[in-house]
Amino acid sequence: MNALTRLWSAGWTVRIALLVILAVAVVAIAGPALAPYNPLAQDTANALQDSSIAHPLGTDYLGRDVLSRLLAGAPASLLSALGAALIGLIVGAVPGALSAFVPRIGEWLSLRVVDALLSLPFILFAIVFAALLGNGLIQATLAIGILIAPSFFRIARAATLRVRDSQYVEAALFLGGSAWWVLRRHVWRQVAPNLVVASVSALGGALLAVASLTFLGIGVQPPAPTWGGMLASDLGYLSQRPLGPIGPALAIIITVGALNLLADAARDVLGADAAPARARRKEKTHV
């Protein structure tokens, strides 16, 4: 609560970002219930209409209400991004912190695996992943989470290396404490601020990734609405409705911008440094 209070008092831009994220969270949970029309109902007689009282954001090429589809598509886009960030956090942070305590050969192998994952082309990996396991939102979320995990691995490892050589950590290990016990008892509280900042930032990146995949038709198939899918369909009718893509594009831009702004504010408030130079030098020394 103290951290939230400090965030709120960090400035008016941070307050706006917090309010935007709160509104986005509400839409992610109750978006379909807030939609004024059935997002799948077609009315070709009123296709490609501009903004009006009946349709504030107009209608798409099948006459479907854009605002309703934007609200109904929010859970798929936002919750998938949240799931991907959580997968990346769990899969990356825990092994990353533990890698600071394993023998040198284990450190070397873990870093090589992370480097290999970082070198994978994102879109190609997601397409292959979907082809192998099926084209679904769960598969797309898993693919994004796996590609986000290396960032959490390096952040957790760098933060752990900063405190690994502290006297109280060395004393705990000397007295027989396991690496996992030392992490839970002494290290996580030092690593947590960095992971909080990284998680908020990763949410924005995951949302962009989800939008990119659904833009390509990976994850959720039409007619189910998603922000990326709506953007792709609207781009096909720019000559008839030039302002069509503005709705989903602004939804993505505003949400990602608010998350990035909040991540910067959280870094200042928590005193976190996601990639301290001293930790990077220490990491190179131990590998």
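Everything in this summary refers to the structure shown in the same document. (Residues numbered from 1 in each chain as written. Predicted model: local features only at pLDDT ≥ 70, side-chain atom pairs only at ≥ 80, totals over all residues. Heavy atoms only, no water.)

## Quick look at the overall build of the chain
Line of reasoning, step 1. Along the chain, the regular secondary structure elements total eleven helices and zero strands.
Line of reasoning, step 2. Overall, the chain shows an N-to-C arrangement of helices and strands of α-α-α-α-α-α-α-α-α-α-α.
Line of reasoning, step 3. For the chain, the spread of C-alpha atoms along the three principal axes comes to 75 × 45 × 30 Å.
Line of reasoning, step 4. In the chain, which comprises 287 residues, the share counted as buried stands at 44%. (Helix = DSSP H or I, 4+ residues; strand = E, 2+ residues; numbered from the N terminus. Buried < 20%, exposed > 50% of the residue type's maximum accessible area, 1.4 Å probe, protein only.)

## Quick look at the packing of helix H3 (residues 66-98) against helix H8 (residues 179-215)
Line of reasoning, step 1. Their axes nearest at 8 Å, the elements H3 and H8 cross at an angle of 145°. When the axes of H3 and H8 are compared, the crossing they make is right-handed. Of the residues in H8, those touching H3 at Ser77, Leu78, Ser80, Ala81, Leu82, Ala84, Ala85, Leu89, Ala93, Val94, Ala97 and Leu98 are Ala179, Trp180, Leu183, Trp188, Leu195, Ser199, Leu203, Ala206, Leu207 and Val210.
Line of reasoning, step 2. Taken together, the residues of the contact of H3 with H8 sort by class into 19 nonpolar, three polar and no charged. (Axes fitted to C-alpha atoms, helices over the stretch in contact; angles between N-to-C directions. Left-handed = near helix turned anticlockwise from the far one by under 90°. Contact = heavy atoms within 4.5 Å. Nonpolar A, V, L, I, M, F, W, Y, C, P; charged D, E, K, R; others polar.)

## Some words on helix H5 (residues 122-133)
Line of reasoning, step 1. Under the 1.5 Å per step criterion, the end-to-end length of H5 is 16 Å for twelve residues, consistent within 8% with the ideal 16 Å.
Line of reasoning, step 2. Looking at H5, one finds that the buried residues are Phe125, Ala126, Phe129 and Ala130. Axial view of H5: buried residues confined to an arc of 130°, hence all on one face. Residues of H5 that are exposed and point more than 90 degrees away from the buried face comprise Leu124, Ala131 and Leu132. (Expected span 1.5 Å × (residues − 1). Arc of directions from axis to C-beta.)

## Points about the nonpolar core
Line of reasoning, step 1. Counting residues in hydrophobic clusters, the biggest one holds 52 residues, and the most contacted among them are Leu78, Phe101, Ile144, Val187, Val191, Leu195 and Trp227.
Line of reasoning, step 2. At the level of elements, helix H2 (12-34), H3, H5, helix H6 (137-164), helix H7 (167-174), H8, helix H9 (227-235) and helix H10 (246-270) are the ones that each hand at least two residues to this core.
Line of reasoning, step 3. Considering each element in turn, this core owes the most residues, 14 residues, to H8.
Line of reasoning, step 4. Discounting residues that sit within four places of it in the chain, Val187 has contacts with Phe101, Thr160, Val163, Val169 and Val182.
Line of reasoning, step 5. Core analysis: the second largest hydrophobic core is formed by seven residues, Val14, Val200, Ala263 and Ala265 among them. (Core = buried A, V, L, I, M, F, W, Y, C linked by side-chain atoms within 4.5 Å.)

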